[in-house]
Amino acid sequence: MKTDAQALIIMAVVGIVAGFLAHLIVGGSGNVVKYLISGLLGAFVGSYALGALGVNLGVSNALVSQILTSTIGAVIVLILARIVL
């Protein structure tokens with residue numbers, strides 16, 4: 001049970017950091033909830049997009065690699081959201 005809680009906390013922190021970085025890149029206002037949502041959605045989009053393109057980030061640290069992948073995906077999500085909305 002302890003590892004599940006730790007995994008959720010790490011996932012939330014990665015999502016918030018990735019969402020924050022994506023909002024800095026794309027621009028616009030945000031809060032912690034928006035950062036978390038865009039970061040978590042970005043994790044799925046980024047891992048799918050990078051996997052489909054066959055891109056390897058070449059980062060040996062798993063946490064940094066997750067943050068970069070999530071940030072790339074969150075940027076895609078934010079740009080698509082601006083186009084649609």
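Only a predicted model underlies this, so the values are computations on that prediction, with no experimental measurement involved.

Asks: Sorry, what's going on with the overall build of the protein chain here?
Replies: Looking only at helices and strands, the protein chain features three helices and zero strands. Listing the helices and strands of the protein chain from first to last along the sequence gives α-α-α. On C-alpha atoms alone, the protein chain measures out to a radius of gyration of 13 Å, which is about the 12 Å that the 2.2 N^0.38 rule sets for 85 residues. Counting only C-alpha atoms and orienting by the principal axes, one finds that the protein chain spans roughly 40 × 30 × 20 Å. Per-residue burial for the protein chain yields a buried fraction of 25% across its 85 residues. Taking as baseline every contact in the protein chain between residues at least 6 positions apart, the subset at least 24 positions apart corresponds to 63%. For the protein chain, the accessible area works out to roughly 5700 Å², and carbon and sulfur atoms hold 73% of it.

Asks: What is the right way to look at helix H2 (residues 32–53) in this model?
Replies: Note that an α-helix has 3.6 residues per turn; residues three or four places apart therefore point the same way. For H2, built from 22 residues, the straight-helix expectation of 32 Å at 1.5 Å per residue is met to within 8% by its first-to-last C-alpha distance of 30 Å. Glycine 42 marks the point of greatest bend in H2, at about 25°. Put simply, asparagine 31 is the residue that caps the front of H2, since its side-chain oxygen is 3.2 Å from the backbone nitrogen of valine 33. In the stretch just after H2, glycine 54 is the one whose phi turns positive, near 75°.

Asks: What exactly am I supposed to notice about the packing of aromatic side chains here?
Replies: Geometrically, a pair of aromatic rings is defined through the distance of the ring centres and the angle of the planes. Under the defined criterion, the tally for this structure stands at one aromatic pair. Measuring from ring centre to ring centre gives 5.5 Å for phenylalanine 20 and tyrosine 35, while their planes differ by 80°; the resulting arrangement is edge-to-face. Remark: tyrosine 35 occurs in helix H2 and phenylalanine 20 occurs in helix H1 (residues 2–26); sequence separation between them is 15 residues.

Analysis parameters
Residues numbered from 1 in each chain as written. Predicted model: local features only at pLDDT ≥ 70, side-chain atom pairs only at ≥ 80, totals over all residues. Heavy atoms only, no water. Helix = DSSP H or I, 4+ residues; strand = E, 2+ residues; numbered from the N terminus. Rg over C-alpha atoms; globule rule 2.2 N^0.38 Å. Buried < 20%, exposed > 50% of the residue type's maximum accessible area, 1.4 Å probe, protein only. Contact = heavy atoms within 4.5 Å. Areas by Shrake-Rupley, 256 points an atom, 1.4 Å probe, with all protein chains shown as cover. Expected span 1.5 Å × (residues − 1). Bend = angle between axes of the 7 residues up to and from the residue. Polar contact = N/O pair within 3.5 Å; in protein donor to acceptor, adjacent residues only side chain to side chain. Phe/Tyr/Trp six-rings, centres within 6.5 Å; stacked < 30°, edge-to-face > 60°.

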